[in-house]
Amino acid sequence: MKKTLRIFNQGWNIIIAFILIGLLLGCNKLVEVDPPANSIVTKQAFVDDANANAAISGIYSSFISKSSANRFGNGWMTYFCGLSADELVPVTLTGSPDVYYRNVVQSDDGIIHSVWSQAYGIIYQANACIEGVNNSKNISESGRRQFIGEALFLRSLSYYYLTSMFGDVPFITSTNWKENMAVPRRNVLEVQNEIIKDLLVASDQLPINYSLFQDERIRATKWACYALLCRLYLEHKKWTECNRIASLIIENTSLFGLEEQLNNVFLKNSREAILQWHSSSDISTYNVLPEASLLLPVSNAANLQVYLSNGLVNCFDSIDLRRINWIGEVTDGADTFLYPYKYKVGRGQMQVNAPVLEYYMVIRLAEVVLNRAIARVMNNDFSGGLADLNLIRTRAGLASLNSTSQDTILNMIQSESRKEMFCEWGHRWFSLKLSGALDSVMSKAAIDKNSQWASFRRLFPISLVELNNNPAATQNPGY
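The shown structure was predicted, so the numbers you read here are calculated from the model rather than taken from an experiment. (Residues numbered from 1 in each chain as written. Predicted model: local features only at pLDDT ≥ 70, side-chain atom pairs only at ≥ 80, totals over all residues. Heavy atoms only, no water.)

Would you mind showing me how to read the side chain of serine 270 here?
Following the sequence through the fold, serine 270 ends up in the loop between helix H10 (239-250) and strand S2 (273-277). For serine 270, the side chain forms a polar contact with the main-chain oxygen of valine 265, separated by 2.9 Å. Residues within four places of serine 270 in sequence aside, it is in contact with Arg217, Glu259, Asn264, Val265, Gln276 and Met361. (Helix = DSSP H or I, 4+ residues; strand = E, 2+ residues; numbered from the N terminus. Polar contact = N/O pair within 3.5 Å; in protein donor to acceptor, adjacent residues only side chain to side chain. Contact = heavy atoms within 4.5 Å.)

What follows is the structure in structure tokens.
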């Protein structure tokens, strides 16, 4: 595969325009903006269960966006973390994609500010819902538990990615804008411990199935809380707790199972889905997901923005069904580019009022299986860890692996995770940090990127806008 420099085409200009619109919409600090009269923070939003339910639905819409612009919750984590890691390569070595690819992003970067402000916007909405539901006298007890549970989960999900990207962050749990204007950054472990507490509360209040949502897997349940807890327990080295929580999900075979056919994994309401975003009514009447519009080419010779790195492609065996089904190929003259093809509906297949076939995957079962594999091996349950690893390999059409070495098995799981979870919400970037392999992997990747890796880049910079607006804000070391 050849690296080729190309001029921005019309399709890329459209995407950049969408991004700029998102930046302009998010350029003011949330706490400095008066909420509109019809905002979820008004008392009318919580007069009864139906109105409160609509307010909670609005938080989900904020993740997936009400415009065609990519955002924190519908594509940027995959796109920019994939470029920062060793997954994606920009076709055109210029602009924001190249800055992230070469790991030279700075605090004045607009994307960094937009991710930060959008995440805190969602946190503000969640806090407003919690306050509104708690203060309402007309919401049923069952509704109260569900709505607060969903708000806690969505706030926790936002904080999880903020801490994963930036480390220490302000932990805000109210809508008091005067106080929120100068909240200092809090230690990442303290914030994540607060997330764990909130998820445990939410898991007791959320539904145990999707029947309340017409069997659509588009809102948080107990199982979404458990899956996010698995990640946090791994990061905190709580192997037994991770194993226990993961097992509760995996053993719930009435709801979940690995899809036998890989091309079914990312379809709407797949059995592998623990949580998906439903985008069709939020973005427009089109049938395409924002992330897919970034990653998939429009045609065989135009509009590809990024492609998969040689290092990622070469780690697949030729018979690996993920290589066959989840990697697409496009030609441009003499050049061939391979791109992520987990989602099949991109701009080239975009139609007005067409049936929606795919929902945006947020959390899925395969990740939970791999997380349990790590937890089991760290608890010296090598056979259990290998069994989980081989579940994923068998689905990919590969032979089972075996070893009696803890380090060897962990390396096997890391390798399998790279192939299974590539280009999903920055999973590769975060898993390299979790395993302690980020510095060594990125030092080697820097050679291909024609750049130099510095360890402080494991955290992104705090936005210059935030530093200017918040007198208590501090910058990450190295920036």
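Read on, since the account is not over.
Help me out: how do you make sense of unusual backbone geometry in this one?
The bulk of non-glycine residues show a negative phi, and the bulk of peptide bonds are trans. Phi at asparagine 103 is positive, roughly 60°, even though this residue is not glycine. Along the polypeptide, asparagine 103 turns up in the loop between helix H4 (95-101) and helix H5 (110-135). At glutamine 214, a position not held by glycine, the phi torsion is positive, near 55°. The topology assignment puts glutamine 214 in the loop between helix H8 (188-205) and helix H9 (222-235).

Please clarify how the nonpolar core should be interpreted in this entry.
Across soluble globular proteins, you tend to see nonpolar side chains buried next to one another. With 142 residues, the main nonpolar core has Phe153, Tyr159, Ile274 and Trp277 as its most contacted residues. In contact with tryptophan 277, not counting residues within four places along its chain, are Tyr60, Phe63, Ile64, Gly73, Leu154, Leu157, Tyr359, Tyr360, Val362 and Trp425. (Core = buried A, V, L, I, M, F, W, Y, C linked by side-chain atoms within 4.5 Å. Buried < 20%, exposed > 50% of the residue type's maximum accessible area, 1.4 Å probe, protein only.)

Where do I start with the packing of aromatic side chains in this structure?
Taken as a whole and judged by the stated rule, the model has 28 aromatic pairs. Look at tryptophan 116 and tyrosine 120: their rings are 5.1 Å apart centre to centre, the planes differ by 45°, and that puts the pair in the tilted class. Of this pair, tryptophan 116 and tyrosine 120 both sit in helix H5, 4 residues apart, roughly one helical turn. Geometrically, the ring pair formed by tryptophan 429 and phenylalanine 460 is tilted, given 5.8 Å between the ring centres and 35° between the ring planes. Taken together, the positions of tryptophan 429 in helix H18 (residues 427-435) and phenylalanine 460 in the loop between helix H19 (438-449) and helix H20 (464-469) put the pair 31 residues apart, joining distant regions of the chain. Given the relative accessible area of 1%, tryptophan 429 is considered buried. According to the relative accessible area criterion, phenylalanine 460 is buried, its value standing at 3%. Pairwise contacts between aromatic rings join Tyr60, Phe63, Phe72, Tyr160, Tyr161, Phe266, Trp277, Trp326, Tyr343, Tyr360, Trp425 and Phe430 into one cluster. The ring centre of phenylalanine 422 lies 4.2 Å from the NZ or CZ of lysine 342, which sits over that ring. Just above the ring of tyrosine 341 sits the side chain of lysine 344; from NZ or CZ to the centre is 3.9 Å. (Phe/Tyr/Trp six-rings, centres within 6.5 Å; stacked < 30°, edge-to-face > 60°. Lys NZ or Arg CZ within 6 Å of the ring centre and 35° of its normal.)

I would appreciate a short explanation of the pattern of salt bridges in the present structure.
It is possible for side chains bearing opposite charge to pair when their charged atoms get close. Taken as a whole and judged by the stated rule, the model has 25 salt bridges. Arginine 428 is the partner of aspartate 86 in a salt bridge, and the nearest nitrogen-oxygen pair spans 2.9 Å. Of this pair, aspartate 86 sits in the loop between helix H3 (72-84) and strand S1 (88-90) while arginine 428 sits in helix H18, and the two are 342 residues apart along the sequence. Take aspartate 86 and arginine 428: they sit in the same class, and that class is buried. The residue aspartate 388 makes a salt bridge to arginine 372 at a minimum N-O spacing of 2.7 Å. Here aspartate 388 is found in helix H16 (residues 382-395), whereas its partner arginine 372 is found in helix H15 (residues 365-378), with 16 residues between them in sequence. In this structure, a network of salt bridges that share partners links the residues Glu272, Asp320, Arg322, Lys342, Arg364, Arg393, Arg395, Glu416, Lys419, Glu420 and Glu424. (Salt bridge = Lys/Arg side-chain N within 4 Å of Asp/Glu carboxyl O.)

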